[in-house]
Amino acid sequence: GVVLISYFHLVQPLATEMVSIKSAYCAGNQDFVVGANADTQVTSALFSKKYSEDTELSLLEVAVQDAAFADDIRQAKYAFITSDFTMFHLLRTQTTSKMAEAEPTCSNFDEARAEVQASYGFYFRTTARMLGVPEAATCADLRQFCDDREARPLRLLCGPVCGCNDPLASIWYRSSAQGCTRGCQDVAAPGAAGPPR
């Protein structure tokens, strides 16, 4: 008797409330994204691809899911978590080219100091996942992608492995616009007078 009374007075109403909460948060059309313009105060919506359980998650969706379900959000694997709006805005808008121009060193990310790897590991993991090798742990694991057109983040993180410091490497990829740091370009410059290979 006590079990039945508990079920009908506690469990069943709670289950009904949980279903209504799920419906409120997850029901309706979810195939769009919304943006707001702070200056004009206009909200706009953009149709997105139809969601289905079988859809492969995009890198952004993986990052959101990872952060949303992390025990400690500061341990998210694919997002830089900050409470500083200026840093958030910078990371959201800064180009690879500007980052490369501002970096005076030429090194592979996996050889950086432990605190640098801890702070910016999300960037390496994101790059590896973008290239289809989420299990990659070193720059050498991703070497085969160095000459891919969209591998600018890889060249930024793994300049020496990608030949950014090699004076005979292709001049096309040995630039800030393509992700090679100023530091790697400075190393390559003295010997770069010869024809690129």
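Structural notes, computed from the coordinates. (Residues numbered from 1 in each chain as written. Predicted model: local features only at pLDDT ≥ 70, side-chain atom pairs only at ≥ 80, totals over all residues. Heavy atoms only, no water.)

## Considerations on the pattern of salt bridges
- The full count for this structure, using the stated rule, is four salt bridges.
- In this structure, Glu115 engages Arg113 in a salt bridge whose closest nitrogen and oxygen atoms are separated by 2.7 Å.
- Taken together, the shared-partner salt bridges connect Arg149, Glu150 and Arg152 into one network. (Salt bridge = Lys/Arg side-chain N within 4 Å of Asp/Glu carboxyl O.)

## Section: a nonpolar patch on the surface
- Together, Leu14, Met18 and Ile21 line one region of the surface with nonpolar side chains, adding up to about 290 Å² of accessible area.
- Mapped onto the fold, Met18 is located in helix α1 (residues 2–26). (Patch = residues over 30% accessible without salt bridge, like charges linked within 9 Å, V, L, I, M, F, W, Y side chains within 5 Å. Areas by Shrake-Rupley, 256 points an atom, 1.4 Å probe, with all protein chains shown as cover. Helix = DSSP H or I, 4+ residues; strand = E, 2+ residues; numbered from the N terminus.)

## A few points about the nonpolar core
- One finds Phe124, Leu142, Phe145, Leu154, Leu157 and Cys158 to be the most contacted residues of the largest nonpolar core, which totals 20 residues.
- Sorting the residues of this core by element identifies α5 (114–130) and α6 (152–157) as the ones contributing at least two each.
- Broken down by element, this core gets its largest block of residues, four residues, from α5. (Core = buried A, V, L, I, M, F, W, Y, C linked by side-chain atoms within 4.5 Å. Buried < 20%, exposed > 50% of the residue type's maximum accessible area, 1.4 Å probe, protein only.)

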